[in-house]
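In case you want the letters, here they are:
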Amino acid sequence: MAASSYFNVSRETIDRASLEALQLERLRFTVGQALKTSFYKRRLARAGIDSPDKIRSLDDMLRIPFTTKDDLREAYPQGLLAVPLDDVIRVHTSSGTTGTPTVIHHTRADIVNWTELVARCIVATGAHRGDVFQNMTTYGMFTGGLGLHYGAEAVGMMVIPASSGNTLRQLKLMQDFRTTVVHATPSYMLHIAGVLKQEGIDRASLALRKAFLGAEPYSENTRLKIQQIMDMDVYNSYGLSEMNGPGVAFECEHKNGMHVWEDAYIVEIVDRENLSPLADGDEGEIVFTTLQREATPLLRYRTRDLVSVIPGPCECGRTHRRLGRITGRSDDMLIINGVNVFPSQVETVLMGVKEVGTNYQIVIDKHGELDKLTVDVELYGKAFTGELASLERLRDRIAEQLKASIVIHPVVVLHEPGSLPVSEGKARRVIDRRPKD
Ligand code: ADP
Ligand code: ZN
């Protein structure tokens, strides 16, 4: 591939030995920053680390205890700040999907570095200066808005900071400004695809080429569905506010796993029960250590996201390893009548059924002693024009396919398009009504 298809060619194609040397140098920097915070000073003292000099090899990192989301919550709001407040130019928080949001502070250098990582991701997808980029994730504390915005400007795309919501306006912006690249959550993109169909908007009136979709788990079937309805290339984007936000890992033009920028993060995959290290190819919890961040250094941060590293090199020439799809969060797992169910299993089945539309919801109730799983599914409008018996057959077919995947038998309820709640950011797919004890 030509050098022009990289944002920072020497960094993106760095050989392994140089990368590891850079990681070690930056790990020492991070430990030095961490020791400036009361939280890590205490924590690292217990591991016998009172100076960056104690880190002589990358393996020495294994002595450092993990950092958890609860640690970040306890340190709220400034317990992890490693620089004077005057040097901080921005604060972000997580979306708070699983509880109190966590806070990350950024210095000017932190923002510059983050911006480069996002720009590398964008260029890796084949997007470039001259593209018109409509950013349809929420602007604000959520990192998806400003994160992609800065990266896209660095690449030189024309940015439309549309933020999320108001779908008809989004479609009009796409038409009026000839948008070529969009960024959204997969659930919002599905919704837009549904509205496009429902409103009978001509695809030819849109100039769309590419979509960056992330911030929540989605299956390969969802990618295929969106690509098919919207006739554009969908790239998976992974990030979390604790590691800046978007720009941590992104698919390149080969769309076969997401390159994770290993000069900015040390990646470990660990067994989600006993936290022992796993090899490439094995699925476990992904753990990150920041390598560049000044204001909020994080050491061995447990994300609770489940994923595996895809072994082997990528044809694009980038040497940074690739992550497969995030299959879910370890705390996403539902236990229904004793059986472990991941919402992603339900999604994979539903999005593979061609009559199924663009929205669904999973509801769990208590029915006497037993848990009851209901899957509410929107169908495409034309599915309702046939006879009742064929709808019943479709319902039974979906229920059987779900049972084959998740083992338990769900109640499937079919809905017309537009009946279920719309999500403009991260979808709330699971409603667990069981009493908490
Ligand atoms: P919160 O953790 O409150 O949702 P964030 O906005 O920081 O806050 O979201 C980061 C999380 O979103 C990740 O840890 C992961 O669980 C999820 N996520 C982000 N991108 C993806 C993706 N491409 N696929 C699956 N999950 C993703
Ligand atoms: Zn690649």
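Provided above is the structure to which this section pertains.
Residues numbered from 1 in each chain as written. Chains lettered and ligands numbered in written order. Predicted model: local features only at pLDDT ≥ 70, side-chain atom pairs only at ≥ 80, totals over all residues. Heavy atoms only, no water.

Engineer: Sorry, what's going on with the layout of surface pockets here?
Structural biologist: Where empty space is left becomes clear once a probe the size of a water molecule has been rolled over the atoms. Its boundaries defined by the atoms lining it, the second largest pocket holds a volume of some 370 Å³. Along its surface, the second largest pocket is lined by 17 residues, and Met61, Ile266, Val267, Glu268 and Arg321 are the ones closest to its centre. Elements supplying a minimum of two residues to the lining of the second largest pocket: helix 2 (16-34) and strand 10 (265-270). By residue number, the principal contributor to the lining of the second largest pocket is strand 10, which donates 4 residues. (1 Å grid on protein atoms, 1.4 Å probe; cavity = no way out; pocket = protein on both sides within 12 Å on 5 of 7 lines; lining within 4 Å. Points joined across faces, edges and corners; volume = space filled by probe spheres on them. Helix = DSSP H or I, 4+ residues; strand = E, 2+ residues; numbered from the N terminus.)

Engineer: I would appreciate a short explanation of the packing of aromatic side chains in the present structure.
Structural biologist: In this description, an aromatic ring pair is defined by two values, namely the gap between the centres and the angle between the planes. The full count for this structure, using the stated rule, is 6 aromatic pairs. With a centroid separation of 4.8 Å and 75° between ring planes, the pair formed by Phe39 and Tyr40 is classed as edge-to-face. Judged on exposure class, the residue Phe39 and its partner Tyr40 are both buried. With a centroid separation of 5.7 Å and an interplanar angle of 70°, the aromatic rings of Tyr265 and Phe288 are classed as edge-to-face. (Phe/Tyr/Trp six-rings, centres within 6.5 Å; stacked < 30°, edge-to-face > 60°. Buried < 20%, exposed > 50% of the residue type's maximum accessible area, 1.4 Å probe, protein only.)

Engineer: Explain the sheet that holds strand 5 (residues 181-184) here, please?
Structural biologist: The strands making up a sheet associate through hydrogen bonds between their backbones, and the pairing can be parallel or antiparallel. Taken together, 9 strands build an open sheet; the order of strands is 4-3-5-6-7-8-9-14-13 and the sheet is mixed. The open sheet has two free edges, formed respectively by strand 4 (158-160) and strand 13 (309-310), since each of these has just one partner strand. The pairing of strand 13 with strand 14 (residues 322-323) spans 2 bridges and is classified as antiparallel. Of the residues in strand 14, the one forming a bridge with Val309 is Leu323. Packed on one face of the sheet, helix 6 (residues 143-155) meets strand 3 (132-135), strand 4, strand 5, strand 6 (210-214) and strand 8 (245-251) and runs near 170° to strand 3. (Pairing = 2+ DSSP bridges. Contact = heavy atoms within 4.5 Å. Axes fitted to C-alpha atoms, helices over the stretch in contact; angles between N-to-C directions.)

Engineer: Please clarify how the packing of helix 7 (residues 167-177) against helix 8 (residues 186-198) should be interpreted in this entry.
Structural biologist: Helix packing for two helices is described by the angle between their axes and how far apart those axes are. Between helix 7 and helix 8, the shortest axis-to-axis distance is 10 Å and the interhelical angle comes to 80°. Between helix 7 and helix 8, the interaxial angle falls into the category roughly perpendicular. For the pair helix 7 and helix 8, contact is made by Thr167, Leu168, Gln170 and Leu171 and by Tyr188, His191, Ile192, Val195 and Leu196, respectively. For the contact of helix 7 with helix 8, a count of residues per class yields 6 nonpolar, 3 polar and no charged. (Parallel < 35°, antiparallel > 145°, perpendicular 65-115°, else oblique. Nonpolar A, V, L, I, M, F, W, Y, C, P; charged D, E, K, R; others polar.)

Engineer: Honestly, the site of ligand 1 in this entry has me stumped. Any pointers?
Structural biologist: Lining the immediate environment of ligand 1, one finds 20 residues, of which Ser95, Gly96, Thr97, Ser237 and Asp305 sit closest. Between ligand 1 and the protein, one listed contact pairs a nitrogen atom with a backbone N or O atom of Ser237 at 2.6 Å. Notes on ligand 1: free accessible area 560 Å², of which the protein chains cover 97%. The element best represented in the shell around ligand 1 is strand 7 (residues 233-240), accounting for 5 residues. Here the shell around ligand 1 is composed, by residue class, of 6 nonpolar, 9 polar and 5 charged. (Near = heavy atom within 4 Å. Polar contact = N/O pair within 3.5 Å; in protein donor to acceptor, adjacent residues only side chain to side chain. Areas by Shrake-Rupley, 256 points an atom, 1.4 Å probe, with all protein chains shown as cover.)

Engineer: Would you mind going over the coordination of the zinc ion (ligand 2) with me for this structure?
Structural biologist: In this structure, Cys252 (SG), His259 (NE2), Cys314 (SG) and Cys316 (SG) serve as the protein donors to the zinc ion (ligand 2), at separations of 2.1 to 2.3 Å. Donor residues for the zinc ion (ligand 2), ordered by position in the chain, follow C-x6-H-x54-C-x1-C. Assessed through its relative accessible area of 11%, Cys314 is described here as buried. Judged by its relative accessible area of 1%, Cys316 is buried. (Donors = N, O, S within 2.8 Å, 3.2 Å for Na, K, Ca; no water.)

Engineer: What am I meant to see in the environment of Val341 here?
Structural biologist: Structurally, Val341 is set in strand 17 (residues 339-341). Between the C-alpha atoms of Val341 and His183, which are 158 residues apart in sequence, the distance is 29 Å. When sequence neighbours within four positions are dropped, the list of residues in contact with Val341 reads Asp332, Met333, Leu334, Ile336, Val346, Ile406 and Ile408.

Engineer: Looking at this structure, how should I read the nonpolar core?
Structural biologist: Generally speaking, nonpolar side chains in soluble globular proteins are found buried as a group. Membership of the largest hydrophobic core comes to 59 residues, with the highest contact counts inside it found for Val31, Leu44, Ile122, Phe212, Tyr238, Phe288 and Leu323. In contact with Ile122, not counting residues within four places along its chain, are Ala127, Leu148, Gly151, Ala152, Val155, Met157 and Phe212. Tyr218, Met351, Val353 and Ile408 belong to the second-largest nonpolar core, a separate cluster that totals 48 residues. (Core = buried A, V, L, I, M, F, W, Y, C linked by side-chain atoms within 4.5 Å.)

It is worth stressing that arrangement in space is one thing and function is another; only the former is reported here.
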